[in-house]
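Architecture and fold: a report
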Amino acid sequence: MAGRKKLVIEESWCKGCGICAAFCPKQVLEIQKEKVSVIHPEQCIACGFCELRCPDYAIYLVNVEE
Amino acid sequence: MASDLVHLYMRIDHLPQMWCPGCGNGVIMRDVAVAIQELIEDPELDFNREDFVIVSGIGCSSRAAGYLDFNSIHTTHGRAIAFATGIKFANPKLHVVVLTGDGDCSAIGGNHLIHAARRNMGLTVIAFNNDIYGMTGGQYSPTTPNGDKATTAPYGNVDRPFDIANLATGAGASFAARGDIYHARETIDIIKQAILHKGFSLVDVYSVCPTYYGRKNKKGDAVEMLKWQKEHLVPTARYYSMPESERADKKLIGILSYNDYPEYTDEYAKVIESCRKKDKK
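Before going into details, it helps to say that this report is about the structure given with it.

About the cut-offs
- Residues numbered from 1 in each chain as written.
- Chains lettered and ligands numbered in written order.
- Predicted model: local features only at pLDDT ≥ 70, side-chain atom pairs only at ≥ 80, totals over all residues.
- Heavy atoms only, no water.
- Helix = DSSP H or I, 4+ residues; strand = E, 2+ residues; numbered from the N terminus.
- Rg over C-alpha atoms; globule rule 2.2 N^0.38 Å.
- Buried < 20%, exposed > 50% of the residue type's maximum accessible area, 1.4 Å probe, protein only.
- Contact = heavy atoms within 4.5 Å.
- Areas by Shrake-Rupley, 256 points an atom, 1.4 Å probe, with all protein chains shown as cover.
- Buried area = accessible area lost by both parts, 1.4 Å probe.
- Salt bridge = Lys/Arg side-chain N within 4 Å of Asp/Glu carboxyl O.
- Polar contact = N/O pair within 3.5 Å; in protein donor to acceptor, adjacent residues only side chain to side chain.
- Nonpolar A, V, L, I, M, F, W, Y, C, P; charged D, E, K, R; others polar.
- Core = buried A, V, L, I, M, F, W, Y, C linked by side-chain atoms within 4.5 Å.

**A look at the overall build of chain B**
Per the secondary structure count, chain B includes 12 helices and 10 strands. In summary, chain B has a C-alpha radius of gyration of 19 Å against a globular reference of 19 Å for 281 residues, a match within 12%. With the principal axes as the frame, chain B shows a C-alpha extent of 70 × 45 × 40 Å. In chain B, buried positions account for 54% of the 281 residues. Considering only residue pairs separated by 6 or more positions, chain B has 67% of its internal contacts joining residues 24 or more positions apart. Surface exposure of chain B reaches about 12,700 Å², of which carbon and sulfur atoms provide 52%.

Listed below in structure tokens is the structure:
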């Protein structure tokens with residue numbers, strides 16, 4: 001993942017609507033068994049579009065301490 | 001675990017929220033929380049968390065007042081703006097933000113909406129507009145498009161819909177704007193502008209209801225409904241740079257009308273002041 005941010009998923013809050021995966025510009029995410037999964041973490045550019053449009057607050061970026 | 005925003009501004013013990021999968025309401029609620037956070041954290045502005053009051057009515061949208069961790073009140077159907085008017089009058093320095101739905105603010109509370117707009121009460125009204133009464137099972141609302149289906153319009157809706165932002169402008173609102181789910185960042189900025197506006201401001205935010213409106217009208221799931229928004233709703237700068245022929249099936253996301261009318265509680269304070277001066281003489 002680029003930068004000093006990484007994706008965190010709160011799986012118990014995810015309802016599997018698929019908005020995050022559909023609008024991810026780098027195809028980092030996929031819905032598997034009605035929950036979001038990070039399938040290509042190395043492609044993440046930390047744009048935050050998934051967090052911006054997640055209606056359930058189940059995916060978000062956190063700063064990684066170096 | 002949850003993001004800092006959720007920890008700071010939402011009642012985490014009430015989460016996860018109970019809206020349906022893909023419901024746009026969660027996105028609008030987040031937009032409101034981010035807008036308020038950015039105003040509070042802006043060193044050039046003087047916004048305090050204690051000065052915000054969240055008021056909601058009844059309907060799916062109005063559950064947001066329970067999830068957001070501010071001074072909040074969940075009122076009766078259609079009366080959110082009436083309660084908010086009372087709060088603003090009692091303490092005009094408060095930032096009163098009304099979270100309401102298309103039915104709550106334009107049908108049941110339609111009169112409160114137009115008169116608060118006409119008076120230019122210093123409220124910020126965020127309409128979660130999903131084109132349907134979701135909580136009660138998908139009856140058509142005043143914003144259901146003509147011809148679309150609902151449980152109460154199985155052969156298609158005969159009514160013509162309200163455009164809530166235009167309705168507010170027509171009633172004299174000094175600030176009316178439109179936002180949506182797909183353009184969440186733009187919508188956050190519009191909500192900030194609405195809160196910064198001194199008089200009555202209304203933001204008609206196009207939500208999505210995949211469960212009732214989407215399914216009844218074969219609009220697909222939440223992703224398909226957001227793709228429709230991406231293609232048909234256009235932020236201001238791009239909208240005005242498009243050739244007119246391309247705008248026919250598009251709607252503008254941004255501020256639709258703005259006027260610098262005097263705010264109601266300010267005008268009322270002037271009356272009180274002038275009466276006090278007369279008493280002293």
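**Digging into the interface of chain B and chain A**
Facing 29 residues of chain B, the contacting portion of chain A comprises 18 residues. Between chain B and chain A, a total of about 2,000 Å² is buried, with carbon and sulfur atoms accounting for 67% of that surface. Interface area lost by chain B to chain A is led by M1(B), R30(B) and V223(B), which between them contribute 27%. Linking chain B to chain A there are one salt bridge. Residue E51(A) is joined to R30(B) by a salt bridge in which the shortest nitrogen-to-oxygen separation is 3.4 Å. Summed over the shared surface of chain B and chain A, the number is nine residue pairs in polar contact (both at pLDDT 80 or more). Among the secondary structure elements, those contributing two or more residues to the side of chain B that touches chain A are α2 (25–41), α8 (184–196) and α10 (222–232) of chain B. In terms of residues, the side of chain B that touches chain A owes the most to one element, α10(B), which gives five residues. Considered class by class, the residues forming the side of chain B that touches chain A number 21 nonpolar, four polar and four charged.

**Comments concerning the nonpolar core**
Core analysis: the largest hydrophobic core is formed by 74 residues, its most contacted members being L29(A), M10(B), L68(B), L99(B) and I126(B). Among the elements that line this core, the one with the most residues is α2(B), at nine residues. In this structure, I126(B) is in contact with I28(B), V32(B), V97(B), V98(B), L99(B), T100(B), I191(B), V203(B) and V205(B), ignoring residues within four places of it in sequence. Among the nonpolar cores identified, the runner-up in size contains 25 residues, and L113(B), A165(B), L167(B) and L202(B) belong to it.

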